[in-house]
Amino acid sequence: MLVDYQLLRIPGPTPVPPSVERAMLSPMIGHRNQETKDLLRRLKPGLQKVFGTNEDVMLIAGSGTAGLEIAVCNTVNPGDEVLVIVTGSFGERFAKICEAYHLQVHRIRFPNGKALQPKAIKTFLETNPTIKAVFATYCETSTGVLNPIQDLAIQIKQASDALLIVDGVSCVGAVDTKMDDWGIDILVTGSQKAFMLPPGLTLVAVSQKAWSHIYHNKQPRYYFDLRKYQQSLYHNTTPFTPPLSLLFGLEESVRLIEKEGLFTVYKRHKIMKEMIRAAFTALDLDLLTNDLDASPTVTAVKAIDFSAEELRKIAKKEFNLVLAGGQNELKGEIFRVGHMGYCSPADMLLTISLIEIALLRLGKQVELGAGVRAAQLIWIQEGLV
Ligand SMILES: Cc1ncc(COP(=O)(O)O)c(C=O)c1O
């Protein structure tokens, strides 16, 4: 087998483009020097476009979960009532972070594989006017659901003054996101997903409404204090040493996104989603989500008459194809294919054809090529990107 060859088809970390790798190898610079200030200034407009905001996007060393915790500890006070919408493991993680900060957490759960229903949230908020913030997951990576955040924001605004705080870790940069127009108060993402970087950087943007909460918030915080990041960024700097190599890479990844065009990036992700879904359907496999709720960045497939874990083992051992498994109660029940960031419809054809062989190896009746053909037809129909 080829050394260092790997087909990373998990929903993050995702493959890193060669030009981003090269940018990250740039020689180290002083974090208080003018070069760093220039870099932070240059990064602002591109990040704002991806987030759909006129606010600054703050860059903080830490994984996506750090960004979620930052959103919690800056906005709500101990004892405050909050609503966490749980559509899978990452919604549940948001709830656990809120509990760690001694908030009174109300959960509304939706079944695995189903998107949240904005009307149900509105009804809850109408009868619970003390809720200070609503926490939601844009793409629920554990199930492959893309939640209707725009509709959710509309329903929340009609019923309540609560902040809307959104975990966009596994989709910002791959799906349409209009933070300001939709009325998202805090939007969080991470570097290792659609931004095509290694892990280690969280990106957080905050609305004016949320800033007024943050400035009055009593929750103790130091490294995670967003006021520090905001004030530093006014002067194109950061309160602490930033992960400079990731910032070099980020400038290049944003350049790649801009060069391709956000609209084309979203279209590419949509086509990859449709190809993968058509392929698994042609192979007689059941998908966890319906077409309407499906995320353009990750697809979950039910393992009904075969072992998901065995399939993943074969794919890794024989082809160095890395697939994701199920999390928590979905462990062993599903496998997941990531199609986000630096990947193309052509990569989907390769992924599908290898999964077909792996399924055959497992003893499943598979018509070789059936999935590939279905995906090819989608790609041709949708227009080659
Ligand atoms: C939706 C979502 N939220 C949060 C996280 C946590 O990010 P990290 O593992 O970088 O802390 C992930 C990671 O997969 C995610 O997909």
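Residues numbered from 1 in each chain as written. Predicted model: local features only at pLDDT ≥ 70, side-chain atom pairs only at ≥ 80, totals over all residues. Heavy atoms only, no water.

Asker: I'd like to hear about the side chain of Gln192, residue by residue, with values.
Answerer: By secondary structure assignment, the location of Gln192 is in the loop between strand 9 (186–190) and strand 10 (201–206). Residues in contact with Gln192, not counting those within four places in the same chain, are Gly12, Pro13, Thr14, Leu197, Pro198 and Pro199. (Helix = DSSP H or I, 4+ residues; strand = E, 2+ residues; numbered from the N terminus. Contact = heavy atoms within 4.5 Å.)

Asker: Describe the side chain of Thr14, naming the residues involved and giving the relevant values.
Answerer: By the element assignment, Thr14 lies in the loop between strand 1 (7–9) and helix 1 (18–24). On the basis of relative accessible area, Thr14 is assigned to the buried category, the value being 4%. A polar contact is formed between the side chain of Thr14 and the backbone oxygen of Lys193, at a distance of 2.8 Å. Here Thr14 is in contact with Leu8, Gln192, Lys193, Met196 and Met340, once residues within four sequence places are set aside. (Buried < 20%, exposed > 50% of the residue type's maximum accessible area, 1.4 Å probe, protein only. Polar contact = N/O pair within 3.5 Å; in protein donor to acceptor, adjacent residues only side chain to side chain.)

Asker: Kindly report on the pattern of salt bridges, identifying the contributing residues and their values.
Answerer: Scanning the model with the defined rule gives 23 salt bridges in all. Residue Arg107 pairs with Glu92 through a salt bridge whose shortest N-O separation is 2.9 Å. Placement of Arg107 in strand 4 (residues 104–109) and of Glu92 in helix 4 (residues 89–100) is noted, with a sequence separation of 15 residues between them. You can call Arg107 partly exposed: its relative accessible area is 26%. By relative accessible area, Glu92 is classed as buried at 16%. Of the charged contacts in the structure, one is a salt bridge between Glu92 and Arg109, with a shortest N-O distance of 3.3 Å. Here Glu92 is found in helix 4, whereas its partner Arg109 is found in strand 4, with 17 residues between them in sequence. (Salt bridge = Lys/Arg side-chain N within 4 Å of Asp/Glu carboxyl O.)

Asker: Can you lay out the environment of Arg41 for me, pointing to particular residues and giving the numbers?
Answerer: With respect to the helices and strands, Arg41 occurs in helix 2 (residues 34–51). Arg41 sits 194 residues away from His235 along the chain, and the two C-alpha atoms are 8.8 Å apart.

Asker: Lay out a nonpolar patch on the surface in plain terms, naming residues and giving numbers.
Answerer: On the surface, a nonpolar cluster with roughly 280 Å² of combined accessible area is contributed by Leu2, Tyr5 and Leu350. Take Leu2: it is sitting in the segment before strand 1. (Patch = residues over 30% accessible without salt bridge, like charges linked within 9 Å, V, L, I, M, F, W, Y side chains within 5 Å. Areas by Shrake-Rupley, 256 points an atom, 1.4 Å probe, with all protein chains shown as cover.)

Asker: Summarise the sheet that holds strand 1; cite the residues concerned and give the values.
Answerer: Read from one edge of the open sheet, four strands run 1-12-13-11, paired in mixed fashion. The open sheet has two edge strands, strand 1 and strand 11 (298–302), and neither has a second partner. When the angles between neighbouring strand axes are averaged without regard to direction, this sheet yields 30°. Relative to strand 12 (residues 321–325), strand 1 is paired through three bridges, and the arrangement is parallel. Bridge pairing in strand 12 places Leu7 opposite Leu321. Along the sheet, helix 12 (residues 308–319) contacts strand 1, strand 12 and strand 13 (334–338); its crossing angle with strand 12, the most-contacted strand, is approximately 160°. Sitting on the sheet, helix 13 (residues 345–361) is in contact with strand 1, strand 12 and strand 13, with an inclination near 90° to strand 1. (Pairing = 2+ DSSP bridges. Axes fitted to C-alpha atoms, helices over the stretch in contact; angles between N-to-C directions.)

Asker: Could you give an account of the packing of aromatic side chains, with specific residues and numbers?
Answerer: A full pass over the atoms with the stated rule returns 10 aromatic pairs. Between Tyr222 and Phe240, the aromatic rings sit 5.9 Å apart at their centres with planes inclined by 45°, giving tilted as the arrangement. Within this pair, whereas Tyr222 is found in the loop between helix 8 (208–216) and helix 9 (226–234), its partner Phe240 is found in the loop between helix 9 and helix 10 (244–260), the two being separated by 18 residues in sequence. Here Tyr223 and Phe224 contribute two aromatic rings whose centre-to-centre distance is 5.9 Å and whose plane-to-plane angle is 50°, an arrangement assigned as tilted. Ring pairs connect the aromatic residues Tyr222, Tyr223, Phe224, Tyr229 and Phe240, which therefore count as one cluster. Between the NZ or CZ atom of Arg227 and the centre of the ring of Tyr215, over which it lies, the distance is 6.0 Å. Sitting over the ring of Tyr222, Lys228 keeps its end group 4.0 Å from the ring centre. (Phe/Tyr/Trp six-rings, centres within 6.5 Å; stacked < 30°, edge-to-face > 60°. Lys NZ or Arg CZ within 6 Å of the ring centre and 35° of its normal.)

Asker: Quick one: what's the story with the site of the ligand, residue by residue and with numbers?
Answerer: Around the ligand, a shell composed of 14 residues is seen, among which Ser63, Thr65, Thr141, Asp167 and Lys193 lie nearest. Ser63 is positioned with one of its side-chain polar atoms (N or O) 2.6 Å from an oxygen atom of the ligand. Gly64 is positioned such that a nitrogen or oxygen atom in its backbone is 2.8 Å from an oxygen atom of the ligand. Here the ligand has 390 Å² of accessible area as a free molecule, and 87% of this is covered by the chains. Among the elements of the structure, helix 3 (64–75) and helix 4 are those that each provide at least two residues to the shell around the ligand. At three residues, the largest contribution of residues to the shell around the ligand is made by helix 3. Partitioning the shell around the ligand into residue classes produces four nonpolar, seven polar and three charged. (Near = heavy atom within 4 Å. Nonpolar A, V, L, I, M, F, W, Y, C, P; charged D, E, K, R; others polar.)

Asker: Lay out helix 4 in plain terms, naming residues and giving numbers.
Answerer: Its 12 residues give helix 4 an end-to-end C-alpha distance of 16 Å, which sits within 8% of 16 Å, the value for a rise of 1.5 Å per residue. Tucked into the core, helix 4 has its buried residues touching helix 3, strand 3 (81–86), strand 4, strand 5 (131–137), strand 6 (139–140) and strand 8 (163–167). A positive backbone phi angle near 55° is found at His102, which sits one or two residues after helix 4. (Expected span 1.5 Å × (residues − 1).)

Asker: So what about the pairing of strand 13? Which residues, and what values?
Answerer: For strand 13, the tally of buried residues reaches five of five residues, placing the bulk of the element in the interior. Across two bridges, the pairing between strand 12 and strand 13 is antiparallel. Looking at the pairing, Gly325 lines up with Phe335 of strand 13.

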